[in-house]
Amino acid sequence: MLKKLFKILPSQFKLQDQFIILLIFSTIIPVFVVGLYGIYSSSNILSEVAKEKMEAESTQEANKINAFLNGVSDDVLLLSKTPPIQGIIRAKENNGTDGQTNLSYNAWVGQLQILFAAMMERKPHYMQLRYIDEKGREIVRVDSDGGNIKIISAAELQNKGDRPYFIETIKLTPGSIYVSPVDLKQENGQIETPFKPVIRYATPIVDSSGQKRGIVIANVFAKKFIDAFKEVNKQAEEENAYEGKEKFIVNQNGYYISHPLPEKEWGFEFQKEDKLDQDFPPEVTREILNKEKGFIDNGEYLFTFDRVDPSPNQPEFLVVLNKVPHKSVFAAVNSFKLVAFLIIILSLAVVLPLGFIRARQIVNLIKQLVNIISASIQQTFSGLDQQARIAGQQAASVHETTTTMDELEASCRQSTQQAKAATTAAQQALTLAEGGSQAVKETLEGMFILEKKVSAIAAQIVHLSEQANQIASISQIVSDLANQTNMLALNSSVEAVRAGEYGKGFAVVANEIRRLSDQSQKSAEKINVLVSRIQKAINSTVMVTEEGTKTVKTGLENAQKTDQAFAGVADAINYMVVNNQQISLNLKQQLDAIQQVVQAMDIINKGAQETAAGINQTKLGTEQLSDVALTLKRMV
């Protein structure tokens, strides 16, 4: 299709018209493609941003409610384990007196009332704290209206055994929490006004034997977290994040607990059908009430929801729901579409006239070039004949130069071979000189090793002489000790004689010590004789070693002189080898240069021939270029 179009264009339109057509297509198509892609990608990005933002808001609001309610669970469990409750149980079982603390039943009741009142003063979101016994009778009850705390007297206490929260809580295991649905507080069967939303948390009480003894229950102002949720909704409206955005809290049956329109709230308390499924499609309602959390886009609205489940073991729960109109989220995209369309129109209005002007300028420039080309072609024809004649003369000169360079190459090759032979002979002489030098070095190394070993022997003999002197000193000490021991033994014998019968045994020991000291003295004398002989032998060895050391030094000096002589010979031969190698290298470089010159001359010869052929081809090409210039002139 495109090939046919490009074939038709030259024959149907002039070059100026073709430029204008291409300009229109190359401007309009890219602008529209880019605009459509920008609108598409912006829509997707805005949708993702709205989804992430709404999901984050729903999760944050649900987490706030969960945090509020989890704190209530902790408080109820804490109150169930307080000492006053166990004290009341023990006092009831023991005729009004606690056997462990000797406190009365009324004293424990008073302490529990104080504890409940302190808890409500510290946390004003508690509407009522009660302890109810296993028969449903209220034992302690403390009420609050959010500011004033009132302890209910015994005469005003009631029996709540028939209430659902008592029946359900008393069934639970210790440590479990009952959570009631969120509803409106009633008194004597009538809903109090203004409305007081309440949610109840209760846990069973057991005595030391594990028997159930009632429940602790806390009535919480649910209005606290509902008002906090509505306050966030008002802030969002003031910020104008999305126009028409609404937030709801619904219970497990879809009834509104919080709604922008107060008349839609608490429909289940007044038998009204203001429910989620009355305002939104059934599939949206089912998904909201059956899933933990999610995002829904039904084309008209965007929904995000997150569940608040105070007690997972019970069917009651709340759902935090955000709703944003689809058109509110994509209002920016619609504005972008309008702006993009205006930009496209303005771009075309500016670019196309400039393109027309530029196309005419290009066509005029081409006309000027065609005229210049035609004049240049005529000049080229006259110059081509002269170039052909010169190329023939160059080819002849190149041939003569090539013959001369061949003869020079043969002479240079012969000189190179003779230089290589001289280098080989010098290298053989160098090898022999290096062998002699190596032998002298090995002899020199042997003399060095011998000198080190003789020095080591001399050091060992000196060390041996020192040790022999030490042995002589030790032997002298042993001899002195033997003399002293002998004198001591003699004195001991004298003292033993003086002691009479009591010293006979000691006299025997003294005689034995004297005998051993005589033997030690004799052994020391023998050691002295041996040490004297060893020292004489060592002195003789030292003299011989010194003579050997002098001989080794003399041989070492002679070997060093021989090594220096061989080194001089090797340096002279090596210098001769280096010179021969340099000569050979220079000749080889000359030979390579000559070969390169020969090759260059061959190339020049071939180039000259090709130049002649090329000139003929240029003539033909110039003729064709002249024909094309005429055709282009007609098209323009």
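Everything numeric here is computed off the predicted structure, so don't read it as measured data.

J.: Looking at this model, I keep getting lost on the pattern of salt bridges. Mind explaining?
T.: Should their charged atoms come close, side chains of opposite charge can pair. With the rule as written, the count across this model stands at 25 salt bridges. Across the pair Arg-141 and Glu-138 runs a salt bridge whose closest N-O atoms are separated by 3.6 Å. Under the relative-accessibility criterion, Arg-141 is labelled buried at 8%. On the basis of relative accessibility, which here comes to 5%, the residue Glu-138 falls in the buried class. When the shortest N-O distance is used, the salt bridge between Arg-307 and Glu-292 registers 3.7 Å. Here the residue Arg-307 occupies a position in strand β13 (residues 301–308), and Glu-292 occupies one in the loop between α8 (282–290) and β12 (293–297), the gap between them amounting to 15 residues.

J.: It is not clear to me how the sheet that holds β13 should be interpreted in this structure. Could you clarify?
T.: Strand order in the open sheet formed by 5 strands is β11-β10-β14-β13-β12, and the pairing between neighbours is antiparallel. If you trace the sheet from one side to the other, it starts and ends with β11 (256–258) and β12, each paired once. Neighbour-to-neighbour, the strand axes of the sheet open up by a mean angle of 25°, direction not taken into account. Relative to strand β14 (residues 318–325), strand β10 (residues 246–251) runs antiparallel, the two sharing 6 bridges. Across the sheet, the residue bridging to Phe-248 is Leu-321, located in β14. Contacting β10, β12, β13 and β14, α8 runs over the sheet at an angle of about 25° to β13.

J.: Help me out: how do you make sense of helix α4 (residues 105–122) in this one?
T.: Helical geometry note: an α-helix holds 3.6 residues per turn, so side chains three or four residues apart project in the same direction. A rise of 1.5 Å per residue sets the reference length of α4, with its 18 residues, at 26 Å; its end C-alpha atoms lie 26 Å apart and thus fit the reference within 8%. Here α4 has its buried residues at Trp-108, Val-109, Leu-112, Gln-113, Phe-116, Ala-117, Met-119 and Met-120.

J.: Would you mind showing me how to read unusual backbone geometry here?
T.: Working note: non-glycine residues mostly have negative phi, and peptide bonds are mostly trans. At the junction of Thr-193 and Pro-194, the peptide bond is cis and its omega measures out at -10° in the coordinates. Mapped onto the secondary structure, Pro-194 falls in the loop between β7 (190–191) and β8 (197–206). Even without glycine at this site, Asn-102 takes up a positive phi of about 65°. Here Asn-102 is to be found in the loop between α3 (83–93) and α4. The exposure class assigned to Asn-102 is exposed, which follows from its relative accessible area of 63%. The phi dihedral of Trp-266 is positive, around 60°, even though this residue is not glycine. For Trp-266, the location among the structural elements is in the loop between β11 and α7 (276–279).

J.: Hey, could you run me through the packing of aromatic side chains in this one?
T.: Aromatic ring pairs: the centre-centre distance and the angle between the two ring planes describe each pair. In total, this model carries 8 aromatic pairs according to the counting rule given. Between Phe-68 and Phe-225 the ring centres are 5.8 Å apart and the planes differ by 55°, which places this aromatic pair in the tilted class. Separated by 157 residues along the polypeptide, Phe-68 in helix α2 (residues 15–80) and Phe-225 in helix α6 (residues 223–239) bring together distant segments of the chain. You can call Phe-225 buried: its relative accessible area is 5%. Aromatic side chains Phe-248 and Tyr-256 sit 5.7 Å apart centroid to centroid with 45° between the ring planes, which places their arrangement in the tilted category. Positioned above the aromatic ring of Tyr-301, the side-chain terminus of Lys-323 is 4.5 Å from the ring centre.

J.: Sorry, what's going on with the pairing of β10 here?
T.: Regular strands have side chains that alternate between both faces of the sheet. Of all 6 residues that make up β10, 5 are buried, and the element is covered over most of its length. Where β10 meets β11, 2 bridges bridge the pair, whose relative direction is antiparallel. Paired with Val-250 across the bridge in β11 is Tyr-256. Between β10 and β11, which pair antiparallel and follow one another directly, the connecting turn spans 4 residues, one of which, Gly-254, has a positive phi of 90°.

J.: What is the right way to look at empty space enclosed by the protein in this model?
T.: Rolling a probe over the atoms, with the probe sized like a water molecule, indicates the empty space that remains. Applying the stated rule across the entire model yields 1 cavity of 30 Å³ or more. Lining the largest cavity are Val-179, Ser-180, Pro-181, Val-182, Ile-199, Gln-252, Pro-310, Ser-311, Gln-314, Glu-316, Phe-317 and Leu-318. Split into classes, the residues belonging to the lining of the largest cavity amount to 7 nonpolar, 4 polar and 1 charged.

J.: Even after reading the chapter, I still don't get a nonpolar patch on the surface, so can you show me in this structure?
T.: Judged by side-chain polarity, Leu-338, Phe-341, Leu-342 and Ile-345 come together as a nonpolar surface patch covering roughly 390 Å² of accessible area. Within the secondary structure layout, Leu-338 lies in helix α10 (residues 331–499). Classification of Leu-338 as exposed rests on a relative accessible area of 54%.

J.: Got a minute to help me understand the layout of surface pockets in this structure?
T.: Taken as a whole, the largest pocket encloses approximately 490 Å³ of empty space. Around the largest pocket, the lining comprises 22 residues; the ones closest to its centre are Arg-163, Tyr-165, Asp-183, Gln-186 and Arg-200. For the lining of the largest pocket, the secondary structure elements donating two or more residues are β1 (126–132), β2 (138–144), α5 (164–170), β5 (183–184) and β6 (186–187). Partitioning the lining of the largest pocket into residue classes produces 5 nonpolar, 7 polar and 10 charged. There is about 260 Å³ of room inside the second largest pocket. Leu-172, Ile-177, Tyr-178, Ser-311 and Gln-314 are the residues nearest the centre of the second largest pocket, which is lined by 13 residues in total. Of the residues belonging to the lining of the second largest pocket, the class tally is 7 nonpolar, 4 polar and 2 charged.

J.: Help me out: how do you make sense of the environment of Met-487 in this one?
T.: As for its placement among the helices and strands, Met-487 is situated in helix α10. What makes Met-487 exposed here is its relative accessible area of 51%. Spatially, the C-alpha atom of Met-487 lies 8.0 Å from that of Arg-514, the residues being 27 residues apart in sequence.

J.: Explanation requested: α3 in the structure shown.
T.: Listing the buried residues of α3 in full gives Pro-84, Ile-85, Gly-87, Ile-88, Ile-89 and Ala-91. Just downstream of α3 lies Asn-95, where phi reads positive at about 60°.

J.: Hey, could you run me through the side chain of Asp-133 in this one?
T.: Within the secondary structure, Asp-133 sits in the loop between β1 and β2. Here the side chain of Asp-133 touches Arg-137 through a polar contact of 2.8 Å, landing on its backbone nitrogen. Among all residues touching Asp-133, those that are not within four sequence positions of it are Lys-92, Ile-139, Phe-166, Arg-213 and Gly-214.

Rules behind the numbers
Residues numbered from 1 in each chain as written. Predicted model: local features only at pLDDT ≥ 70, side-chain atom pairs only at ≥ 80, totals over all residues. Heavy atoms only, no water. Salt bridge = Lys/Arg side-chain N within 4 Å of Asp/Glu carboxyl O. Buried < 20%, exposed > 50% of the residue type's maximum accessible area, 1.4 Å probe, protein only. Helix = DSSP H or I, 4+ residues; strand = E, 2+ residues; numbered from the N terminus. Pairing = 2+ DSSP bridges. Axes fitted to C-alpha atoms, helices over the stretch in contact; angles between N-to-C directions. Contact = heavy atoms within 4.5 Å. Expected span 1.5 Å × (residues − 1). Phe/Tyr/Trp six-rings, centres within 6.5 Å; stacked < 30°, edge-to-face > 60°. Lys NZ or Arg CZ within 6 Å of the ring centre and 35° of its normal. 1 Å grid on protein atoms, 1.4 Å probe; cavity = no way out; pocket = protein on both sides within 12 Å on 5 of 7 lines; lining within 4 Å. Points joined across faces, edges and corners; volume = space filled by probe spheres on them. Nonpolar A, V, L, I, M, F, W, Y, C, P; charged D, E, K, R; others polar. Patch = residues over 30% accessible without salt bridge, like charges linked within 9 Å, V, L, I, M, F, W, Y side chains within 5 Å. Areas by Shrake-Rupley, 256 points an atom, 1.4 Å probe, with all protein chains shown as cover. Polar contact = N/O pair within 3.5 Å; in protein donor to acceptor, adjacent residues only side chain to side chain.

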